[in-house]
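# Topology and contacts: notes
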Amino acid sequence: MIIIPHINARIVSLQPENLMIQQNKSKPNMKSVICNLKIRSRFALVALLAFVASSAAAADLEVTAPTNIFTRNTISLNGDWHYIVDPQEIGYYDYRMRPTRWGFFVNAEPKSKSDLVEYSFAKAETMKVPSTWNKSDERLFFYEGTVWYERDFQYEKRDGERTLLYFGAVSNDARVWLNGKELGHHIGGFTPFCYDVSDVIADGNNFVVVKVDNKRAKENIPTNIFDWWNYGGIIRDVMLVRTPNNYIEDYVVQLDGQNQRLLNCFVRLKQPQEGVKVTLEIPELKIKKSLFTNSNGTARVQIKARPRLWSPENPVLYKVKLQANGETLSDEIGFRTIATRGHEILLNGKPVFLRGIAMHDEAPFKQGRVTTTEEAHTLLNWAKELGCNYVRLAHYPHNELTVREAERMGLMVWEEIPVYWTIDWTNNATLENAKRQLHDMILRDHSRANVVIWSIANETPHSVERDLFLSSLAKYARTQDSTRLISMAMEVTGAKNFVNRLNDNMHEFVDIVAFNQYVGWYRDVKTARKMTWEITYNKPVIISEFGGGAVYGRHGDAEERWTEEFQERLYEENLAMIDRINGVAGTSPWVLMDFMSPRRPLKGVQDWFNRKGLFSPQGQKKKAFYVVQDWYKKKKSADEQPKKK
Ligand code: GCB
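Computed from a predicted structure; not experimentally measured.

Here the focus is the site of the ligand. The immediate surroundings of the ligand are formed by 14 residues, with D227, Y420, E459, Y522 and K612 found nearest. One of the side-chain nitrogen or oxygen atoms of Y420 is found 2.6 Å away from an oxygen atom of the ligand. Protein coverage of the free-state accessible area of the ligand, which is 320 Å², stands at 96%. Split into classes, the residues belonging to the shell around the ligand amount to five nonpolar, four polar and five charged.

Below, the structure written as structure tokens:
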């Protein structure tokens with residue numbers, strides 16, 4: 001705020017008429033305010049600028065996004081939103097690059113025929129939300145910058161309720177205003193966020209404005225470089241949520257890790273209110289319990305039960321009902337345990353080989369992000385056809401719909417945050433950003449039985465700073481969820497005489513050592529037969545990536561890059577090699593479907609696609625698909641054989 005009292009008084013007294021009028025004007029803002037107010041002294045000018053800048057800062061109304069959004073009392077705000085492309089951010093900064101009070105979030109319209117307003121949401125084109133702008137407007141295919149979104153809606157306010165405004169994900173940086181009031185600023189393009197708008201939303205007409213920015217930056221998570229398309233936009237669902245005044249913000253109902261006849265249940269209310277009755281029902285297990293919250297607003301209980309266990313062969317889910325303060329939440333929850341023993345991964349106490357495939361959150365046939373269960377189902381069904389019991393959701397949190405669909409289909413899941421390649425390891429804000437993404441991913445999905453691994457990073461260059469950053473993330477992940485396995489995709493170091501070593505200080509912080517290797521693609525395939533592997537850690541090993549590119553329908557001999565035959569041989573050689581690596585408990589070849597990447601410009605071959613898919617973007621199977629499918633058949637029958645203890 002302004003520090004000089006007499007200036008302050010003057011400006012405040014001027015505010016109602018003069019400043020309000022100016023709200024309608026975009027470009028001339030500071031210049032014309034200054035003329036209108038006839039402020040001549042430099043001192044007064046500085047003070048006015050300070051006032052404007054400070055008033056642009058908003059109270060942060062962000063609240064934790066409640067878990068299981070789909071069961072809540074929601075009103076969808078998906079659909080047509082107006083949008084304005086703003087490469088110079090004129091809707092946010094004035095012509096001196098200071099945040100302006102009269103930005104696009106005001107949603108101005110001229111009040112008289114002489115008024116100058118140089119934008120109009122009402123006249124702007126519309127785009128479907130959720131979507132990516134790169135695939136919705138061909139002019140924005142390569143665009144990295146700011147796009148403004150606006151939508152009007154009607155709302156009926158009810159007494160005794162709260163209203164939340166929920167975003168499934170906005171890539172990558174979002175500022176949100178409701179009826180001209182800034183609600184907050186959210187960074188991180190793949191996790192949900194939410195505002196309590198109870199005091200901002202109006203009974204009747206409302207408008208919401210979102211400034212979305214997908215510019216890359218060194219200190220971001222992900223950072224400046226990454227091998228996938230930098231899709232921008234409101235990429236997941238937008239909803240209003242009606243809740244009781246004090247609602248269930250989070251809950252977990254899961255099988256005890258040590259005792260398969262015990263369920264651990266935890267409920268947390270939004271506010272720390274004591275003595276609130278919470279009812280928990282699992283009708284099929286004949287469970288009906290009343291719990292009462294403590295002074296933290298949380299309740300915990302252990303319940304004896306003998307549920308059938310969730311597994312890929314039998315992905316049984318139980319209907320679970322929770323009630324508190326007049327609100328009923330329903331979920332479908334699976335019960336299972338996940339653990340490791342030496343080199344083995346144990347699902348429900350039994351060793352299991354993770355027959356996986358890595359995949360991006362990219363929609364089949366049309367690209368852009370996955371926005372529907374149907375799209376998720378198509379991709380996951382391809383994974384099932386391949387013989388998978390597991391998918392690696394690389395390299396950032398995918399749509400919640402995908403995780404849920406995978407659970408119904410019996411696919412275990414590795415979830416990951418985009419700590420990818422050359423992160424700004426010494427930047428504290430970067431670490432906080434990574435933690436926040438990890439936190440929000442875990443909070444969103446910790447009731448899903450199929451999520452077995454939280455991954456904290458991918459292919460990061462070794463250094464002391466990186467070790468500090470990643471170990472801090474690993475420890476943090478355990479404080480958020482002690483029941484799942486922690487991993488990360490490491491790299492192997494090649495040595496003389498075809499020896500490969502996995503040598504990573506992070507081994508002690510993870511439960512599973514996973515690594516990516518590209519013998520046959522970035523390294524010569526003919527050497528695969530000679531390779532030996534030294535992995536000395538007594539932990540299960542997952543080969544989190546291997547593979548190579550082929551254009552679907554391009555044929556030739558196995559020596560010719562980009563042919564299906566080349567990729568097919570690469571897989572044959574790799575799988576034979578992997579069979580000789582000690583301790584391998586799972587694989588996720590790279591990758592299910594060709595995906596878009598700006599690092600893949602080769603014309604006539606890549607055309608902006610990373611071609612390492614076993615499927616083309618149109619869902620056609622390349623020859624290598626069948627090689628992996630055969631191998632997984634063998635792995636499956638080996639798993640089904642009785643094991644010697
Ligand atoms: C990797 C990365 C993955 C890339 C892949 C490739 O190691 O983890 O994101 O897309 O290699 O195709 O080079």
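What follows covers the sheet that holds strand β14 (residues 248-255). As summarised here, the arrangement of the three strands in space is β14-β15-β18, forming an open sheet in which the pairing is antiparallel. The open sheet is flanked by β14 and β18 (298-304), the only strands paired with a single partner. Each strand axis lies, on average, 10° off the axis of its neighbour in the sheet, ignoring direction. One ladder, built from seven bridges, connects strand β15 (residues 262-269) with β18; its direction is antiparallel. Paired with V267 across the bridge in β18 is A299.

Glancing now at the pattern of salt bridges. It is possible for side chains bearing opposite charge to pair when their charged atoms get close. A full pass over the atoms with the stated rule returns 49 salt bridges. A salt bridge links E161 to R158; the nearest nitrogen and oxygen atoms lie 3.5 Å apart. Assessed through its relative accessible area of 39%, R158 is described here as partly exposed. Between E568 and K623 there is a salt bridge, with the nearest N and O atoms lying 3.9 Å from each other. In this pair, E568 sits in helix α9 (residues 564-578) while K623 sits in helix α10 (residues 623-640), placing the two residues 55 residues apart along the sequence. Residue classification places K623 among the partly exposed residues on the basis of a relative accessible area of 31%. A cluster of three or more residues bridged by salt bridges with shared partners is formed by D331, E400, R404, E407 and R448.

What follows covers the packing of aromatic side chains. Applying the stated criterion across every chain yields a total of 36 aromatic pairs. Summarising the aromatic geometry, the rings of F546 and Y571 are spaced 5.6 Å apart at their centres and angled 55° between planes, so their arrangement reads as tilted. Remark: Y571 occurs in helix α9 and F546 occurs in the loop between β33 (541-545) and α9; sequence separation between them is 25 residues. Looking at F546, the relative accessible area reads 0%, which means it is buried. Each member of the aromatic cluster is reached from another via a ring pair, and the members are Y92, Y93, F104, F105, Y119, F121, W148 and W177. The aromatic ring of Y92 is capped on one face by K211, whose charged end is 5.3 Å from the ring centroid. Positioned over the ring face of W521 is R561, at 4.5 Å from the centre of the ring.

Rules and cut-offs
- Residues numbered from 1 in each chain as written.
- Predicted model: local features only at pLDDT ≥ 70, side-chain atom pairs only at ≥ 80, totals over all residues.
- Heavy atoms only, no water.
- Near = heavy atom within 4 Å.
- Polar contact = N/O pair within 3.5 Å; in protein donor to acceptor, adjacent residues only side chain to side chain.
- Areas by Shrake-Rupley, 256 points an atom, 1.4 Å probe, with all protein chains shown as cover.
- Nonpolar A, V, L, I, M, F, W, Y, C, P; charged D, E, K, R; others polar.
- Pairing = 2+ DSSP bridges.
- Helix = DSSP H or I, 4+ residues; strand = E, 2+ residues; numbered from the N terminus.
- Axes fitted to C-alpha atoms, helices over the stretch in contact; angles between N-to-C directions.
- Salt bridge = Lys/Arg side-chain N within 4 Å of Asp/Glu carboxyl O.
- Buried < 20%, exposed > 50% of the residue type's maximum accessible area, 1.4 Å probe, protein only.
- Phe/Tyr/Trp six-rings, centres within 6.5 Å; stacked < 30°, edge-to-face > 60°.
- Lys NZ or Arg CZ within 6 Å of the ring centre and 35° of its normal.

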